[in-house]
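Structural description and commentary
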Amino acid sequence: MSDSMTDQEFQDTILWQTDLGQQALEKHEIGKAFDYLLIPSLFNAKARRLFLMIPNTHTRMFLLNEEQVARLKETSDQQYPLHQYAYGRYLQMLQPDDNAIGEAIKLFEAAKDDVPDALCALAYLVKDGHCGQVDLRKYNELVDQAFQKDSMLANRKICLRRIYGQDGVEANPQFVIGSINKMLEGEESEDIAVVDPIYYMTLGSAYGELKDIKKAEKYFLKAIRMGHYEAYYRYCLMYDECSEADEKEKRETYLALLDQGCEHDDPGCYFFRAMFNMEHYKEFNKEISRSEERRVGKECRS
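Residues numbered from 1 in each chain as written. Predicted model: local features only at pLDDT ≥ 70, side-chain atom pairs only at ≥ 80, totals over all residues. Heavy atoms only, no water.

**Concerning the overall build of the protein**
Scanning the protein from N- to C-terminus turns up 16 helices and 0 strands. Going through the 302 residues of the protein one by one, you find that 43% of them count as buried. The contacts of the protein with a sequence gap of at least 6 include a subset with a gap of at least 24, amounting to 51%. (Helix = DSSP H or I, 4+ residues; strand = E, 2+ residues; numbered from the N terminus. Buried < 20%, exposed > 50% of the residue type's maximum accessible area, 1.4 Å probe, protein only. Contact = heavy atoms within 4.5 Å.)

**Re a negative patch on the surface**
Residues D240, D246, E247 and E249 make up a contiguous surface patch of negative charge. By the element assignment, E249 lies in helix α15 (residues 247–263). (Patch = residues over 30% accessible without salt bridge, like charges linked within 9 Å, V, L, I, M, F, W, Y side chains within 5 Å. Areas by Shrake-Rupley, 256 points an atom, 1.4 Å probe, with all protein chains shown as cover. Salt bridge = Lys/Arg side-chain N within 4 Å of Asp/Glu carboxyl O. Lys, Arg positive; Asp, Glu negative; His and termini not counted. Charge placed at Lys NZ, Arg CZ, Asp CG, Glu CD.)

**With respect to the packing of helix α8 (residues 116–127) against helix α10 (residues 152–164)**
Across the interface, α8 lies against α10 with an axial gap of 6 Å and an inter-helix angle of 55°. By the angle between their directions, the pair α8 and α10 is classed as oblique. When α8 is examined against α10, the residues D117, C120, A121, Y124 and K127 are found in contact with a partner set consisting of M152, L153, A154 and K157. Taken together, the residues that form the contact of α8 with α10 break down as 6 nonpolar, no polar and 3 charged. (Axes fitted to C-alpha atoms, helices over the stretch in contact; angles between N-to-C directions. Parallel < 35°, antiparallel > 145°, perpendicular 65-115°, else oblique. Nonpolar A, V, L, I, M, F, W, Y, C, P; charged D, E, K, R; others polar.)

**Quick look at the nonpolar core**
If you look at the biggest cluster of nonpolar residues, it comprises 48 residues, and the most contacted ones within it are L25, F51, I54, L72, Y85 and F108. For this core, the element with the most residues is α8, which contributes 8 residues. Beyond its immediate stretch of four places on either side in the chain, Y85 contacts L52, P55, N56, F108, A111, V115, D117, A118, A121 and L153. Within the second largest apolar cluster, 31 residues are counted, among which are A206, A216, I224 and Y254. (Core = buried A, V, L, I, M, F, W, Y, C linked by side-chain atoms within 4.5 Å.)

**Details of the side chain of H83**
Secondary-structure assignment places H83 in helix α6 (residues 81–94). In contact with H83, other than residues within four places in its own chain, are L38, S41, L42, F51, L72, T75 and S76.

**Points about the packing of aromatic side chains**
As enumerated under the stated definition, the model contains 10 aromatic pairs in all. With centroids separated by 5.1 Å and ring planes inclined at 90°, the aromatic side chains of F10 and F43 adopt a geometry described as edge-to-face. In this pair, F10 sits in helix α1 (residues 7–26) while F43 sits in the loop between α2 (30–37) and α3 (45–52), placing the two residues 33 residues apart along the sequence. Overall, the relative accessible area of 12% leaves F10 in the buried class. Overall, F43 belongs to the partly exposed group, its relative accessible area being 49%. Their ring planes at 5° and their centres at 5.8 Å tell us that Y207 and Y219 sit as a pair that is stacked. Of this pair, Y207 sits in helix α12 (residues 198–209) while Y219 sits in helix α13 (residues 213–225), placing them 12 residues apart in sequence. As far as burial versus exposure is concerned, Y207 and Y219 are alike and both buried. In this structure an aromatic cluster arises from ring pairing among Y200, Y207 and Y219. (Phe/Tyr/Trp six-rings, centres within 6.5 Å; stacked < 30°, edge-to-face > 60°.)

**Looking at the pattern of salt bridges**
Close approach of charged atoms allows side chains of opposite charge to pair. Scanning all chains against the criterion turns up 12 salt bridges. Two residues, D35 and R71, come together in a salt bridge whose shortest N-O distance is 2.8 Å. Here D35 is found in helix α2, whereas its partner R71 is found in helix α5 (residues 66–77), with 36 residues between them in sequence. A relative accessible area of 35% means that D35 is categorised as partly exposed. Since its relative accessible area comes to 27%, R71 is described here as partly exposed. As a salt-bridge pair, K248 and E252 come within 2.6 Å of each other at their nearest N and O atoms. Of this pair, K248 and E252 both sit in helix α15, 4 residues apart, which is roughly one turn of that helix. Given the relative accessible area of 46%, E252 is considered partly exposed.

Right under this line is the structure:
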């Protein structure tokens, strides 16, 4: 706070920057949102929840530039738990070598009492064996602890468990739909769900598991319109599994969706597009081989 600024002026500035950060998130202007929310997140609960949407998603962290990452490291070094967690997520997701992962673990351990999402991030590293042997029991315990402490990251993980029946949890997509709709109607919707399209993508996934294509499409497209391009590849997977269109139409739509996701630099769409290209290339080679065999056969018979 500037020496010439009163407490009220400071609070007004924090609220103003928080509102600008929320608007930037809604427009998927992640760099601007980071700049507006970095300092307010240390003083305002709403700004904190909004700021967490950046490190909680790989594609958002990927959009930070070097200067912003350096600023985040600087505030992390000043022992602010929220920013320790955020910088740890950067190391975990975008610098995944052994030294970076070791540093991320230290940051999550330092932040976990103040930032429940750090517990969930730590759980992922436990599951992958970065904290010793792979320990699925401890992984589940940490996710559950984080969920009980209102971790946004754990909430999403629990939803995915219940949609797909992961980690020994019985699949129940209808329960997830009810829980998210209840949350969207709650008091925090203005702070969280209206901004964060991940909840709409999750609804799309849940309706997809129930084979309700129209509702799934509605929520996937809503997430995409709000700038959450990961929804493209989840939409693709749902469409590929559930659509009753003929194979030609199905493939054309599937590839069109993947290409749209690739235009927005979604890693999942890049991966599935590459897999399709690889399979298409293999099939093309097989067809050439079969054609060559037929040609040689004809020559032998003539």
